[in-house]
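# Results of the structural survey
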Amino acid sequence: MTATVDGPDFIALQVRDVEAAAAFCEKHLGLRRAPASPPGAVVFTTAPIPFAVREPLPGVDLDDVARPGLGVALWFRTTDAQELHDRLAAAGVPIITPPKDSPFGRMFTFTGPEGYTLTAHGGRP
């Protein structure tokens, strides 16, 4: 039998300050903490893929990278990208790419915890 891969099953951002990153996700993105998380991490109740912020893995020095997550595209689905954009912008969260319509609905890119580049999409196409 040949093993197959179904796709991503868990996503975590490695951060210096887990509590500050978790607070960003709760305050600005409305994510809710899962009932249980492993030590050094906060897992959120996201679907279909669980998402977390966690301490860096052994050997990872976040002070030695130009920008965390460079080369990785992480998108969050939302019910209304324009409303989320407006809320983030009003809170002073840096917006990298302003909202625009795309095949994936309205989308924009912003700076998340510790400088990660995140994209939100959803709502009207």
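Heads up: these notes are all about the structure in this document.

Our next topic: the layout of surface pockets. One way to see where empty space is left: roll a probe the size of a water molecule over the atoms. In this structure, the largest pocket spans a volume of roughly 690 Å³. Within the residue set of the lining of the largest pocket, elements represented by two or more residues are β4 (74-77), α2 (81-90) and β7 (117-121). Of the residues forming the lining of the largest pocket, the biggest block, 4 residues, is contributed by β4. Split into classes, the residues belonging to the lining of the largest pocket amount to 16 nonpolar, 6 polar and 5 charged.

This part takes up the environment of D101. Topologically, D101 is positioned in strand β5 (residues 95-102). Exposure remark for D101: the relative accessible area of 43% places this residue in the partly exposed category. Sequence separation between D101 and H121 is 20 residues, and the spatial gap between their C-alpha atoms is 9.2 Å. Only 3.2 Å separates the side chain of D101 from the side chain of R106, close enough to count as a polar contact.

Each value, and the rule that gives it
Residues numbered from 1 in each chain as written. Predicted model: local features only at pLDDT ≥ 70, side-chain atom pairs only at ≥ 80, totals over all residues. Heavy atoms only, no water. 1 Å grid on protein atoms, 1.4 Å probe; cavity = no way out; pocket = protein on both sides within 12 Å on 5 of 7 lines; lining within 4 Å. Points joined across faces, edges and corners; volume = space filled by probe spheres on them. Helix = DSSP H or I, 4+ residues; strand = E, 2+ residues; numbered from the N terminus. Nonpolar A, V, L, I, M, F, W, Y, C, P; charged D, E, K, R; others polar. Buried < 20%, exposed > 50% of the residue type's maximum accessible area, 1.4 Å probe, protein only. Polar contact = N/O pair within 3.5 Å; in protein donor to acceptor, adjacent residues only side chain to side chain.

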